[in-house]
Amino acid sequence: QVQLVESGGGLVQAGGSLRLSCEVTGSIFSISAMGWYRQAPGKQRELVATITRVGDTNYAESVKGRFTISGINAKNTVYLQMGRLKPEDTAVYYCNARVADYGLVVSDYWGQGTQVTVSS
């Protein structure tokens, strides 16, 4: 069964940096894309960044120039390097992966989330 495990969240002061990691394990033939989403209390989940298997990236306007998504290759792992963090970046960050199993059935999977808290 496919599982996604996020790590790297924590407490950081405004202006600081964090790097999130997401490792995908299980019955995986290929991963076509991965992404990071976030959800703050009382708010809807929003897209942060995505990356495709070939390396194309997409970012929310609010994080462009501050966050960088990378990875997806060797160990089925994606990273989110977050810099110049702001209090409004505080949220639970969720990893998403679009996975094809060995029967070539494509499904989206989600991690359990990792908390990022940015203090003023």
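See above for the structure.
The rules behind the values
Residues numbered from 1 in each chain as written. Predicted model: local features only at pLDDT ≥ 70, side-chain atom pairs only at ≥ 80, totals over all residues. Heavy atoms only, no water. Helix = DSSP H or I, 4+ residues; strand = E, 2+ residues; numbered from the N terminus. Polar contact = N/O pair within 3.5 Å; in protein donor to acceptor, adjacent residues only side chain to side chain. Contact = heavy atoms within 4.5 Å. Core = buried A, V, L, I, M, F, W, Y, C linked by side-chain atoms within 4.5 Å. Buried < 20%, exposed > 50% of the residue type's maximum accessible area, 1.4 Å probe, protein only. Salt bridge = Lys/Arg side-chain N within 4 Å of Asp/Glu carboxyl O.

Novice: I'm lost on the side chain of Arg-38 in this one. Help?
Specialist: Within the fold, Arg-38 resides in strand S4 (residues 30-39). A polar side-chain atom of Arg-38 sits 2.7 Å from a polar atom in the side chain of Glu-46. Among the polar contacts made by the side chain of Arg-38, one reaches the side chain of Ser-62 at a distance of 3.5 Å. Not counting residues within four places of it along the chain, the set of residues in contact with Arg-38 comprises Gln-44, Arg-45, Glu-46, Val-48, Ser-62, Val-63, Phe-67, Glu-88, Asp-89, Ala-91, Val-92 and Tyr-93.

Novice: Just checking my understanding: could you explain the nonpolar core for this structure?
Specialist: Side chains of nonpolar character tend, in soluble globular proteins, to be buried together. Ranked by internal contacts, the top residues of the largest apolar core, which has 32 residues, are Val-24, Met-34, Trp-36, Leu-80, Met-82 and Tyr-93. Looking at this core, the elements with two or more residues in it are strand S3 (18-25), S4, strand S5 (46-52), strand S7 (67-71), strand S8 (77-82), strand S9 (91-100) and strand S11 (114-119).

Novice: When you look at the pattern of salt bridges in this model, what are you seeing that I'm missing?
Specialist: Under the definition given, this model contains five salt bridges. Across the pair Arg-38 and Glu-46 runs a salt bridge whose closest N-O atoms are separated by 2.7 Å. In this structure Arg-38 comes out as buried when scored by relative accessible area, which is 6%. A relative accessible area of 36% means that Glu-46 is categorised as partly exposed. A salt bridge links Glu-61 to Lys-64, with the nearest nitrogen and oxygen atoms 2.7 Å apart. The structure contains a network of salt bridges with shared partners spanning Arg-38, Glu-46, Arg-66 and Asp-89.

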